[in-house]
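Read off the chains here:
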Amino acid sequence: MNNKSLCTIADVADLVPELRKVRQHLHQHPELSNEESATAALVAERLESLGYLVTTGVGGYGVIGTMTLGNGSRSIGIRADMDALPITEQTGVNYASQNPGKMHACGHDGHTTMLLGAAEQLARSKNFSGTVHLIFQPAEEIGFNSGAERMLAEQLFERFPCDAVYGLHNHPGYPVGKMMFRSGPFMAACDTVNITIHGKGGHAARPHMTVDPILVAGSLVVALQSVISRNIDPNETAVVTIGSLHSGHAANVIPETARLEMSVRSFDPQVRKILELRICQLVENHATGYGARAEIEYVPGYPVLVNHDKETAFAAEVAKELLGEENVIDNLPPISGSEDFAYFLQNKPGCFLRLGNGDSTVLHNPAYNFNDESLRFGAAYWTRLVERYLAD
């Protein structure tokens, strides 16, 4: 095999019109985590039509497409996530979600479609020797007990051996056709903390006869910001965000309880431990100081995503061959978002990379939309990566 035979952007150009249709169909019919039955059926049908050996029902609605060619002994896994988010769409596009309160606000419709495009190109060019496993994963967005965890619990890599595994995510704010990489810790661990403040309700005109949980909660929102500024080394990265605060139903009633929900992000295991310890101590003592009581549910989420040096260097090299060095960023700063692909990288060497999505709005926003101009880049890249990894 030589470089002239490897996949180029032009090689997948004829696939793009159909890929657009597939992506926009998936966008119209989003399915939440653990509900991806129609998406999985579409993926399985297309893979079977291309000649892949298809396995369904892995870790929920997970689908694996396997193809072996030649005498090569190596194997590679490429993963795409399939689930959507519980968000009401506000894009205004003519293929907007037809499922109320659900939308592809993170681009998983695009991730799935790009890998289907690569599946077709690999099947028709047959330019590799070895085994490729195309992993279509459910339930990435759920935050815990995710699709990746369940696929691994069902012996994913024992049943579908991979010498290395790769995945990607679109990246708003970077031009279409740009790819970004980083070795080592790349995406944050994410834990969720649910806090219920138990006070004593009563009449708004007699606050001295109550223990106001709203007062405790409001003060706690500010106090929690000190956990990072006064407990974590300034050279480390961590985030504490209170995303939800609910209490009460009437202006003249002091309620019994208040509930806060927060997200905690970190890149270092020791920092993660410190955050949990100090958050729990602060919340309990803070509530006690007001005469209230705190109930804390600390839910561990995804671990830090750590890219492997060798596999990341290889992935970036392939991107430079395909796109030119000027379109590849080797050392993108760490991202405080989290990703359950981290579990795959704890079990196999590999790399998780980013692909520019242009000037779209940010992820998880009701106005977000995957950029269809990226489809050709993703499909060609996955094809070329497999061809290079499974070269004769």
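All of these numbers come straight from a predicted model, not from anything done at the bench.

(A) Focus on the pattern of salt bridges. In this structure the tally under the stated criterion is 16 salt bridges. Across the pair Glu 35 and Lys 102 runs a salt bridge, and its minimum N-O distance is 3.2 Å. Taken together, the residues Glu 35 in the loop between helix H1 (16-28) and helix H2 (37-49) and Lys 102 in the loop between strand E3 (75-81) and helix H3 (108-125) connect sequence positions 67 residues apart. Using a relative accessible area of 25% as the deciding quantity, one classes Lys 102 as partly exposed. Linking Glu 321 and Arg 388 is a salt bridge whose minimum nitrogen-to-oxygen distance equals 3.0 Å. Pair noted here: Glu 321 is in helix H9 (residues 309-323) and Arg 388 is in helix H11 (residues 375-389), with a separation of 67 residues, a long-range link. Connected through salt bridges with shared partners, the residues Arg 20, Arg 23, Asp 109, Asp 372 and Glu 373 form a single ionic network.

(B) Main features of the side chain of His 27. Turning to its location among the elements, His 27 is positioned in helix H1. Polar side-chain contacts of His 27 include one of 2.8 Å to the side chain of Glu 89. Each residue touching His 27, except ones within four places of it in the same chain, is listed here: Glu 89, Tyr 95, Ala 96, Ser 97, His 104, Asp 109 and Asn 369.

(C) Inspection of the packing of helix H6 (residues 213-224) against helix H8 (residues 269-289) at higher detail. Running from N to C, H6 and H8 cross one another at 145 degrees; their axes reach a closest spacing of 10 Å. Between H6 and H8 lies a crossing of right-handed hand. Of the residues in H8, those in contact with Val 216, Ser 219, Leu 220, Ala 223 and Leu 224 of H6 are Ile 279, Leu 282, Val 283, His 286 and Ala 287. Residue composition of the contact of H6 with H8, grouped by class: eight nonpolar, two polar and no charged.

(D) Representation of unusual backbone geometry within the structure. Non-glycine residue Asn 34 carries a positive phi angle of around 70 degrees. Summarising the element assignment, Asn 34 is placed in the loop between H1 and H2. Asn 34 gets classed as partly exposed once you look at its relative accessible area, which sits at 34%. Look at Ala 139: it is not a glycine, yet its phi comes out positive at around 55 degrees. Mapped onto the secondary structure, Ala 139 falls in the loop between strand E4 (130-137) and helix H4 (147-153). Classification of Ala 139 as buried rests on a relative accessible area of 0%.

(E) Representation of the pairing of strand E5 (residues 164-171) in the model. With respect to burial, E5 is a largely interior element, eight of its eight residues being buried. Covered by surrounding structure in E5 are Ala 164, Tyr 166, Leu 168 and Asn 170 together with Val 165, Gly 167, His 169 and His 171, the residues of both alternating faces. Sheet topology note: the E3/E5 ladder contains four bridges and is parallel. Directly across from Gly 77, in E5, lies its bridge partner Val 165. Bridge count between E5 and strand E16 (residues 350-356): seven bridges; the pairing is parallel. Residue pairing across strands places His 171 opposite Gly 356, the latter belonging to E16.

(F) Molecular detail of the pairing of E3. The buried count for E3 comes to seven of seven residues, which makes it a mostly enclosed element. What you see with E3 is no split at all: Ser 75, Gly 77, Arg 79 and Asp 81 on one side and Ile 76, Ile 78 and Ala 80 on the other are buried throughout. Strand direction decides the pairing type here: E3 and E4, joined by seven bridges, are parallel. Note that in E4 the partner of Ile 76 across the bridge is Val 132. After leaving E3, the chain enters H3 and then returns to the sheet as E4, a path that is right-handed.

(G) Inspection of the packing of aromatic side chains at higher detail. Scanning all chains against the criterion turns up six aromatic pairs. Considering the side-chain rings of Tyr 302 and Tyr 343, the 5.9 Å spacing of their centres and the 80 degrees angle between planes classify their relative orientation as edge-to-face. Of this pair, Tyr 302 sits in the loop between strand E13 (293-299) and strand E14 (305-307) while Tyr 343 sits in helix H10 (residues 341-347); the two residues are 41 residues apart in sequence, bridging distant segments of the chain. On the numbers, 5.5 Å between centres and 50 degrees between planes, the contact of Tyr 381 with Trp 382 is tilted. Here Tyr 381 and Trp 382 have matching classes, each one buried.

(H) Main features of H8. Here H8 spans 30 Å end to end across 21 residues, near enough to the 30 Å set by a 1.5 Å rise per residue. Buried residues in H8 make contact with strand E8 (189-198), H6, helix H7 (226-229), strand E10 (238-246), strand E12 (257-266) and E13. Two or three places before Gln 270, at the start of H8, stands the capping residue Asp 268, its side-chain oxygen 2.9 Å from that residue's backbone nitrogen. Phi for Gly 291, located one or two positions after H8, is positive at around 85 degrees.

About the criteria used
Residues numbered from 1 in each chain as written. Predicted model: local features only at pLDDT ≥ 70, side-chain atom pairs only at ≥ 80, totals over all residues. Heavy atoms only, no water. Salt bridge = Lys/Arg side-chain N within 4 Å of Asp/Glu carboxyl O. Helix = DSSP H or I, 4+ residues; strand = E, 2+ residues; numbered from the N terminus. Buried < 20%, exposed > 50% of the residue type's maximum accessible area, 1.4 Å probe, protein only. Polar contact = N/O pair within 3.5 Å; in protein donor to acceptor, adjacent residues only side chain to side chain. Contact = heavy atoms within 4.5 Å. Axes fitted to C-alpha atoms, helices over the stretch in contact; angles between N-to-C directions. Left-handed = near helix turned anticlockwise from the far one by under 90°. Nonpolar A, V, L, I, M, F, W, Y, C, P; charged D, E, K, R; others polar. Pairing = 2+ DSSP bridges. Right-handed = clockwise from strand over helix to strand, strands pointing away. Phe/Tyr/Trp six-rings, centres within 6.5 Å; stacked < 30°, edge-to-face > 60°. Expected span 1.5 Å × (residues − 1).

Purely geometric numbers; function is a separate question.
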